[in-house]
Number of protein chains: 6
Amino acid sequence: MKAVVPGSFDPFTLGHLDIVERASRLFDQVVVAVGLNSAKDYLFPLEERVELVRASCRQLAAVTVEPMPGLLVDFCLAHDVGTIVKGARLGRDFEVELGMAQMNASLTAVETVILPTRPSWSFVSSSLVRQIARGQRDISPYVPAAVVDHLQRSRHVHSD
Amino acid sequence: MKAVVPGSFDPFTLGHLDIVERASRLFDQVVVAVGLNSAKDYLFPLEERVELVRASCRQLAAVTVEPMPGLLVDFCLAHDVGTIVKGARLGRDFEVELGMAQMNASLTAVETVILPTRPSWSFVSSSLVRQIARGQRDISPYVPAAVVDHLQRSRHVHSD
Amino acid sequence: MKAVVPGSFDPFTLGHLDIVERASRLFDQVVVAVGLNSAKDYLFPLEERVELVRASCRQLAAVTVEPMPGLLVDFCLAHDVGTIVKGARLGRDFEVELGMAQMNASLTAVETVILPTRPSWSFVSSSLVRQIARGQRDISPYVPAAVVDHLQRSRHVHSD
Amino acid sequence: MKAVVPGSFDPFTLGHLDIVERASRLFDQVVVAVGLNSAKDYLFPLEERVELVRASCRQLAAVTVEPMPGLLVDFCLAHDVGTIVKGARLGRDFEVELGMAQMNASLTAVETVILPTRPSWSFVSSSLVRQIARGQRDISPYVPAAVVDHLQRSRHVHSD
Amino acid sequence: MKAVVPGSFDPFTLGHLDIVERASRLFDQVVVAVGLNSAKDYLFPLEERVELVRASCRQLAAVTVEPMPGLLVDFCLAHDVGTIVKGARLGRDFEVELGMAQMNASLTAVETVILPTRPSWSFVSSSLVRQIARGQRDISPYVPAAVVDHLQRSRHVHSD
Amino acid sequence: MKAVVPGSFDPFTLGHLDIVERASRLFDQVVVAVGLNSAKDYLFPLEERVELVRASCRQLAAVTVEPMPGLLVDFCLAHDVGTIVKGARLGRDFEVELGMAQMNASLTAVETVILPTRPSWSFVSSSLVRQIARGQRDISPYVPAAVVDHLQRSRHVHSD
């Protein structure tokens, strides 16, 4: 069976990686779908985010990474995926996922499974990591090495 | 892969049945684990609940039903199950499941996946069904036929 | 139009009274339905609770008070009431009411309206008032005078 | 009695229509107040939204539809309305409504009643419908016919 | 300044110990108040719980442990304490604490401060630990050594 | 001991003032840190907000007010502060604070304490006050006099 782990992953965190790893133990194949990012304060453009998720998931044999320019349900149809996997950290996260899961099931009968976040990543969100990166603090405890490296390189470029 | 759907199922509802059906499409084998019921106002004893879940899941080929007298993690070890499947209807449900999922992962590294309840069963809980049954109202819109039949038979016996 | 304000009211608080008053401005007639109390630590039996709610609502012309021995939907049918009015103080309260509202609508198409608690009564619950009463502290800031008086009288009787 | 159902209704959904219908059974007159929309990704301007709500509520005799350029409390005073009616789907929705209800009561002593969403519309929100519309998917299961028609016409115009 | 950390502590967990330690860094003196336990499935009686908390907090110089037979506000008055310290793990926990904090402030103007639980203890609750203990599983990752020892000794006694 | 009360305070409300006052009774020194404001609909720029908080806290001897251009954890290091104090009104507020508290503890081992909002300020938020100000309604019940005065003066300037 095939599942999709969707997100904007701006940036991809160790919490996201944990969800992808756990999904890859539950399903034969996992596609990570990197979507458009509506946040005002975005860190990386879509192509860079796709590359960073790919670099971070290289060790995971059954995992592929693709950009998702449109709706998740259309991505599911195009990639022949029947199940969406999402992480949730809190009641509030779950309520957001609940509405999207029910809507996606209504649109194309796709299934959604929620994986409860591990305690150690419960406070790690992309938006907090973006703030920490902007504040010039070390983000390496929260994101894969590829993201740390890319952030440092893009700073060098910008400061040249 | 094998998964367990645990619960006290007093009584088993159409919402529970929906979760078991969805789990059976995600996993090769599903064991429904019928636990002890700590509610003061219990409706059916353990053996009857096991029988009613069995009767209700008869159509589902890959589903078996077993009593669970002890801890869920021990049931998982004894039945060689690596994944727990639970339904959740609301933020509040999810918060309860989150703590149990993290504790179970801490005890034996078992995975938990949460399936968001379908809208049509979002308000159906065993405790509300017990109240309705006690109030002598028809519970057939909320539970499998086997449960309706059993409740009627047990009333005849009691009123004899 | 006619509405019911249901509860176990053990004891009736100033927060409950506020909901009944507000309901009586929205509806032509309001019936307060005093239900059975499943709490282990109950304070007053059903008949006394009915009397205390009646004494507390005496000033409210369009309000009557009745015991409710069975299901709320049957009370609604018996009293020809089409709308249930409940107060809610927090997200958690609302989630409980949401499930009951949807179940009651499913059983008899009765409507439920939720009144958000006023800030000044947001922390006043019957269960906290019972604890305070047991701890021999003054409950008069939280309940109508009739409840204070009755509690004092019942203590005299018990200490005789 | 007169009530207002406020919202930005971008677009008006079948969930909104259900709340307006239920409000019109509870109150003698209902005014739907169409407010300014602060969402970045807005679908229709104010005048079009007013027209679409009007077209969608045509069958409801006691319902009128008006634009609301300012504060809801001022709309209430201008239209002599004493009660605000809002739908709420989840604990999170309720918490938002609770704060606004208490603030509006503080500003002008206006009452707020919350109607719990029906299960079938629990996952339908304007923001999800906007995403679906942008993704070129059929929104007709979620919105009144007038909204579907208007969206198709505005697309023809834009694609000419 | 002096603070109280109240609870039923049945049993005292490493999550509780973390809250007491953090409280002892914020306040000059900390009193741990061990209350009556209303849970049906209690593990240890009051005197044993007081002793176990004392043994577990022995290293913390500014911490004392006392039984609390009555209301928390009366304990605060008797021990001249102006601040209550509680841990909270989730939105649901906080809502419960919020109501109690506002009630206690209303009764005696005592202050309440909430410490957010550390991620590593976020899933550790006394009720889950009681279940694990009953299931004959090792509770040592979740409770101080004194509790593990006491549980083993009391089992020997019972099995003699 | 020294604590920081951080916020964007746009505008500073009587709810914020209450938290600062309560913090100043718990800690020897309190620094109010006025951060950048990411809201689209901002009311006052940073320097004006710092001045308004200063004017509002003038009576509180142990309270100072400083701008915070960067991360809160860096502000804590620069000002030698070990504890963050935040108010929280609802479960949803708490969940946001929980994540930030755990992240800040992870970055620099700073402690966070949450003060539950008093009932009377539970519905007062800066965003609702901004809406009310924009709607030309009186905000004096919700903010300190300095904020009311400043808003009136800045309107005169703009209307000249």
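For the structure, see preceding data.
Just so we're clear, the structure is a prediction, and the values are computed from it rather than from any experiment. (Residues numbered from 1 in each chain as written. Chains lettered and ligands numbered in written order. Predicted model: local features only at pLDDT ≥ 70, side-chain atom pairs only at ≥ 80, totals over all residues. Heavy atoms only, no water.)

Colleague: Help me understand the relation of the copies chain B and chain A in this model?
Modeller: One chain copy maps onto the other through a rotation about an axis and a shift parallel to that axis. When chain B is fitted to chain A, the residual RMSD is 0.0 Å, and the transformation amounts to a turn of 180° plus an axial shift of 0.0 Å. Expressed as a symmetry operation, the mapping of one chain copy onto the other fits a two-fold axis. Every residue of chain B has its C-alpha some distance from the rotation axis, and the shortest such distance is that of Gly91(B), at 2.1 Å. A symmetric contact is evident, with 100% of the interface residues of chain B recurring at the interface of chain A. (Least-squares fit on C-alpha atoms with pLDDT ≥ 70 in both. Contact = heavy atoms within 4.5 Å.)

Colleague: How should the environment of Ser154(D) be read in this particular structure?
Modeller: Structurally, Ser154(D) can be placed in helix α6 (residues 145-159). The spacing of Ser154(D) and Val5(D) is 149 residues in sequence and 27 Å in space, taken between C-alpha atoms. (Helix = DSSP H or I, 4+ residues; strand = E, 2+ residues; numbered from the N terminus.)

Colleague: Before we go on, may I ask you to explain the interface of chain B and chain A in this structure?
Modeller: A common way to express how large an interface is: the accessible area buried when the components associate. Taken together, the 24 residues of chain B in the interface contact 24 residues of chain A. Of all residues in chain B, the largest losses of buried area upon contact with chain A belong to Leu26(B), Phe94(B) and Pro116(B), amounting jointly to 29% of the total for that side. In this structure, Arg22(B) engages Glu111(A) in a salt bridge whose closest nitrogen and oxygen atoms are separated by 2.8 Å. Seen at the junction of chain B and chain A, the total is five residue pairs in polar contact (both at pLDDT 80 or more). (Buried area = accessible area lost by both parts, 1.4 Å probe. Salt bridge = Lys/Arg side-chain N within 4 Å of Asp/Glu carboxyl O. Polar contact = N/O pair within 3.5 Å; in protein donor to acceptor, adjacent residues only side chain to side chain.)

Colleague: Got a minute to help me understand the side chain of Glu95(B) in this structure?
Modeller: Positionally, Glu95(B) belongs in helix α4 (residues 91-108). Using a relative accessible area of 5% as the deciding quantity, one classes Glu95(B) as buried. Within the local environment of Glu95(B), its side chain forms a polar contact with the backbone nitrogen of Gly91(E), the two atoms lying 3.3 Å apart. Setting aside its immediate chain neighbours within four residues, Glu95(B) contacts Gly91(A), Leu90(E), Gly91(E), Arg92(E) and Glu95(F). (Buried < 20%, exposed > 50% of the residue type's maximum accessible area, 1.4 Å probe, protein only.)

Colleague: Where do I start with helix α1 (residues 14-26) of chain E in this structure?
Modeller: Since the α-helix turns once every 3.6 residues, residues separated by three or four places project in the same direction. All names here are of chain E. An ideal rise of 1.5 Å per residue puts 18 Å on 13 residues; α1 measures up with 19 Å between its terminal C-alpha atoms. The element α1 is largely enclosed, with a buried count of 10 among its 13 residues. Capping of α1 at its N-terminal end is provided by Thr13; its side-chain oxygen lies 3.2 Å from the backbone amide nitrogen of Gly15. (Expected span 1.5 Å × (residues − 1).)

Colleague: Which parts of the structure should I look at to understand the state of the cysteines?
Modeller: What we call a disulfide is simply a covalent bond connecting the sulfur atoms of a pair of cysteines. Per the counting criterion, the structure on display carries zero disulfides over all chains. Take Cys76(D): it sits in no disulfide, and the sulfur closest to it among the cysteines is that of Cys57(D), at 17 Å. (Disulfide = S-S within 2.5 Å.)

Colleague: It is not clear to me how the pattern of salt bridges should be interpreted in this structure. Could you clarify?
Modeller: Any two side chains of opposite charge can pair, given that their charged atoms come close. Applying the stated criterion to the full structure yields 54 salt bridges over all chains. Between Arg92(D) and Glu95(A) there is a salt bridge whose closest N-O contact spans 3.5 Å. With Arg92(D) in helix α4 (residues 91-108) and Glu95(A) in helix α4 (residues 91-108), this residue pair bridges two chains. The partner of Asp93(D) in a salt bridge is Arg89(D), and the shortest N-O contact between them spans 3.1 Å. When salt bridges that share partners are traced, they join Asp18(A), Arg22(A), Arg118(A) and Glu111(B) into one network.

Colleague: Just checking my understanding: could you explain the pairing of strand β1 (residues 2-7) of chain B for this structure?
Modeller: Successive residues of a regular strand alternate their side chains across the two faces of the sheet. Residues and elements named next belong to chain B. Where β1 lies against strand β2 (residues 29-35), six bridges are found, and the strand directions are parallel. The partner of Val5 across the bridge, within β2, is Val32. Traced from β1 through helix α1 (residues 14-26) to β2, the parallel crossover comes out right-handed. Two strands pair when backbone bridges link them, and β1 and strand β4 (residues 83-88) are joined in this way by two bridges, in the parallel orientation. When the bridges of β4 are listed, Ala3 appears paired with Thr83. (Pairing = 2+ DSSP bridges. Right-handed = clockwise from strand over helix to strand, strands pointing away.)

Colleague: Is there a simple way to think about the pairing of strand β4 (residues 83-88) of chain F in this case?
Modeller: Residues and elements named next belong to chain F. The element β4 is extensively covered by neighbouring structure, given that five of its six residues are classed as buried. Inspection of the sheet shows β4 paired to strand β5 (residues 111-116) by six bridges, in the parallel sense. Its bridge partner lying in β5, Val85 is registered against Val113. One crossover worth recording links β4 to the parallel β5 by way of helix α4 (residues 91-108), and it is right-handed.

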